[in-house]
Amino acid sequence: MSKKPVRVAVTGAAGQIGYALLFRIASGEMLGKDQPVILQLLEIPDEKAQNALKGVIMELEDCAFPLLAGIEAHSDPLQAFKDTDYALLVGARPRGPGMERADLLAANAQIFTAQGKALNAVASRNVKVLVVGNPANTNAYIAMKSAPDLPAKNFTAMLRLDHNRAASQLAAKTGTKVGDIKKLTVWGNHSPTMYADYRFATTNGQSIKALINDQVWNAETFLPTVGKRGAAIIAARGLSSAASAANAAIDHMRDWALGSNGEWVTMGVPSNGEYGIPAGIVFGFPVTTENGEYKIVEGLEIDAFSQECINKTLAELQGEQDGVKHLL
Ligand code: NAD
Ligand code: LMR
């Protein structure tokens, strides 16, 4: 017997990540090849955006995906999030010319306050929320705080792109395959301050730290390469990463929904005080996932270098959080 369709809301659906994401969700790459989906797409009311969304929907129809059980176009989050089981919050206000970080935070605080309230009002009580739009951790925090009737643990931010970028760099450095790399994580904020940590990672069962054995490479090459990868892509493409961001969103949701088979993955999730991160801060942690739930990997030793890196990314996140406090 075929499964009952689930509802997947995607915001910013006519944007470039949306274009790389929707077709993969509809083909079953996110929730499984046996799971029908109804797409509930949100764009701003602007005529150009709504027209672009119509075009994307025509293309989705033309793919004749057997798992695509319905498509809806919306400009109101209260309609887009109705009964939704999964919400991918991709749409955000990009930084414009002359815009300071504080202005960007304030503009996005408005969007994610409204969307958090709408999720609180109409989404499934078990909705799984992934925030992709930047600043992703703080936007997830704002949405979570704006949805007091939903479990805080259901609000997550995307650190998976940083995780995948780190895995790819480590595979190249060790001359091994990316699929052989286990127990890698990225701590903190989705920003250049994130701390990609391979101290526990293995490739084909061998310690990556022992294989590389070069702390100068770690501090001066690896961390800046992963941290500034988004900027490097913008410089090369003239546009921010889209296909790799969409791919990471698929990975994040798939693993959350279907399980990571005991492997570590990185998710930005609200802290319960683990590793001294104050409760409520949405922070990149190593997690394992099973039966639709994630669990932070606990008990890892944090050495002096790692603590310094974690403190730095935490301080940045606390600064962002302080900057939006008055808006919540
Ligand atoms: P884009 O500008 O191509 O598309 C964004 C879309 O969102 C636009 O179509 C816009 O109309 C829409 N939008 C804006 N405000 C909205 C709202 N309130 N409700 C619904 N839709 C809204 O941008 P993109 O390249 O698709 O990137 C989207 C976001 O993802 C950006 O904030 C980007 O910085 C971020 N991003 C995050 C990561 C990550 O790893 N977390 C990686 C890459 C990009
Ligand atoms: C990325 O990591 O590629 C993006 O977050 C970059 C950006 O600023 O949009």
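What counts and what doesn't
- Residues numbered from 1 in each chain as written.
- Chains lettered and ligands numbered in written order.
- Predicted model: local features only at pLDDT ≥ 70, side-chain atom pairs only at ≥ 80, totals over all residues.
- Heavy atoms only, no water.
- UniProt positions renumbered as here; feature names shortened; annotations may be inferred.
- Bend = angle between axes of the 7 residues up to and from the residue.
- Helix = DSSP H or I, 4+ residues; strand = E, 2+ residues; numbered from the N terminus.
- Contact = heavy atoms within 4.5 Å.
- Polar contact = N/O pair within 3.5 Å; in protein donor to acceptor, adjacent residues only side chain to side chain.
- Expected span 1.5 Å × (residues − 1).
- Buried < 20%, exposed > 50% of the residue type's maximum accessible area, 1.4 Å probe, protein only.
- Core = buried A, V, L, I, M, F, W, Y, C linked by side-chain atoms within 4.5 Å.
- Domains from an automatic or database assignment.

- The chain carries the name Malate dehydrogenase in an unreviewed UniProt entry, which gives Acidovorax kalamii as its organism.
- According to the UniProt record, the Sequence similarities (unreviewed entry) comment for the chain reads "Belongs to the LDH/MDH superfamily. MDH type 2 family."
- Listed under Catalytic activity (unreviewed entry) in UniProt, the entry text for the chain is "(S)-malate + NAD(+) = oxaloacetate + NADH + H(+)".

Some points on helix α8 (residues 215-227)
In an α-helix there are 3.6 residues to a turn, and that puts residues three or four apart on one side.
Okay, step 1: At T221, α8 shows its maximal kink, close to 25°; a proline, P224, follows between one and four residues later.
Okay, step 2: Looking at the buried positions of α8, the neighbouring elements they touch are α6 (160-174), β9 (195-197), α7 (208-212), α9 (229-237) and α11 (304-324).
Okay, step 3: With a side-chain oxygen positioned 3.2 Å from the backbone nitrogen of V216, the residue opening α8 is D214.

What about α6?
Okay, step 1: Taking 1.5 Å of rise per residue, 15 residues should cover 21 Å, and α6 covers 21 Å from first to last C-alpha, within 8% of that figure.
Okay, step 2: Those residues of α6 that sit buried are R160, L161, D162, H163, R165, A166, A167, L170, A171 and T174.
Okay, step 3: Just downstream of α6, G175 is the residue with a positive phi angle, here 65°.

Digging into the nonpolar core
Okay, step 1: Membership of the largest hydrophobic core comes to 74 residues, with the highest contact counts inside it found for V8, L60 and L88.
Okay, step 2: Taken domain by domain, this core gets at least three of its residues from each of domain 1 (6-157) and domain 2 (159-325).
Okay, step 3: Residue contacts for L88: discarding those within four places in its chain leaves V8, A9, V10, T11, L21, M30, L130, A249 and M253.
Okay, step 4: Formed by 28 residues, the second largest nonpolar core is a distinct cluster that contains A80, L105, A118 and M144.

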